[in-house]
Amino acid sequence: MTSIAGGHGETNPNSSWLSARGFWLAYFLGLLFVHLLLLSVPFVTISVAWTATNLLHNVAHLYFLHIIKGAPWLSIENDGSRQWTHWEQIDDGVQLTPTRKFLTAVPIVLFLLTCLYTRNSTEHFIANFISLVVVTLPKLPQFHGVRLFNINKWAYR
């Protein structure tokens, strides 16, 4: 059996760091920083900045929570969660925890703010709505462990 690097006694630290103190504030401040950075670019309108913020957030959310599997600090022979995405590992797979609710609500609130600041422009609405659906569907409890069309399916070796 191999030892875990920096786990504070947890078998999978990947499942609990999102519940740590201050994470929600750091998440919000990071999102605000990206948005302000986009607003500071010359010739970028407010509508484009909001849509870009939303799309970048949702792409990062999709990649880091729903595509990447396993834990980076666990060895392969000791990693029982290597077939689970990060979202499926949060709070050891328990559904509807405060962390999961927060991570589900953020894309929805960001979508609503984007719709407000783009004044419901059709082009912006379509792009933002599609990204919202793509990032929100995998978070539903009914999709826990489900791989649609075998996308991101675990290949046993």
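Rules behind the numbers
Residues numbered from 1 in each chain as written. Predicted model: local features only at pLDDT ≥ 70, side-chain atom pairs only at ≥ 80, totals over all residues. Heavy atoms only, no water. Phe/Tyr/Trp six-rings, centres within 6.5 Å; stacked < 30°, edge-to-face > 60°. Helix = DSSP H or I, 4+ residues; strand = E, 2+ residues; numbered from the N terminus. Buried < 20%, exposed > 50% of the residue type's maximum accessible area, 1.4 Å probe, protein only. Lys NZ or Arg CZ within 6 Å of the ring centre and 35° of its normal. Core = buried A, V, L, I, M, F, W, Y, C linked by side-chain atoms within 4.5 Å. Contact = heavy atoms within 4.5 Å. 1 Å grid on protein atoms, 1.4 Å probe; cavity = no way out; pocket = protein on both sides within 12 Å on 5 of 7 lines; lining within 4 Å. Points joined across faces, edges and corners; volume = space filled by probe spheres on them. Nonpolar A, V, L, I, M, F, W, Y, C, P; charged D, E, K, R; others polar.

### Details of the packing of aromatic side chains
To describe a pair of aromatic rings, you give the distance between the ring centres and the angle between the ring planes.
Consideration 1: Counted according to the given criterion, the structure contains 9 aromatic pairs.
Consideration 2: A centroid spacing of 4.8 Å and a plane angle of 5 degrees characterise the contact between Trp50 and Tyr117, whose relative ring orientation is stacked. Taken together, the positions of Trp50 in helix α2 (residues 46-67) and Tyr117 in helix α4 (residues 98-117) put the pair 67 residues apart, joining distant regions of the chain.
Consideration 3: Under the relative-accessibility criterion, Tyr117 is labelled partly exposed at 41%.
Consideration 4: Taking NZ or CZ as reference, Arg100 lies 4.9 Å from the ring centre of Trp87, over its face.
Consideration 5: Lying over the aromatic face of Trp87, Lys139 brings its terminal NZ or CZ to 5.0 Å of the ring centre.

### Comments concerning the nonpolar core
Consideration 1: Residues Leu18, Phe23, Tyr27, Leu31, Trp50, Leu65, Trp87, Ile90, Phe102, Leu103, Val106 and Leu110 constitute the largest nonpolar core, which totals 12 residues.
Consideration 2: Going through the elements one at a time, α1 (23-39), α2 and α4 are the ones with two or more residues in this core.
Consideration 3: By residue number, the principal contributor to this core is α4, which donates 4 residues.
Consideration 4: Sequence-distant contacts of Phe23, defined by excluding residues within four places in its chain, comprise Trp17, Leu18, Phe102 and Leu103.

### Examining the layout of surface pockets
Consideration 1: In this model, the second largest pocket occupies a volume close to 350 Å³.
Consideration 2: In terms of lining, the second largest pocket is formed by 17 residues, of which the most central are Tyr27, His57, Ala60, His61 and Phe64.
Consideration 3: Only α1 and α2 provide two or more residues apiece to the lining of the second largest pocket.
Consideration 4: Residues of the lining of the second largest pocket, tallied by class, amount to 12 nonpolar, 5 polar and no charged.

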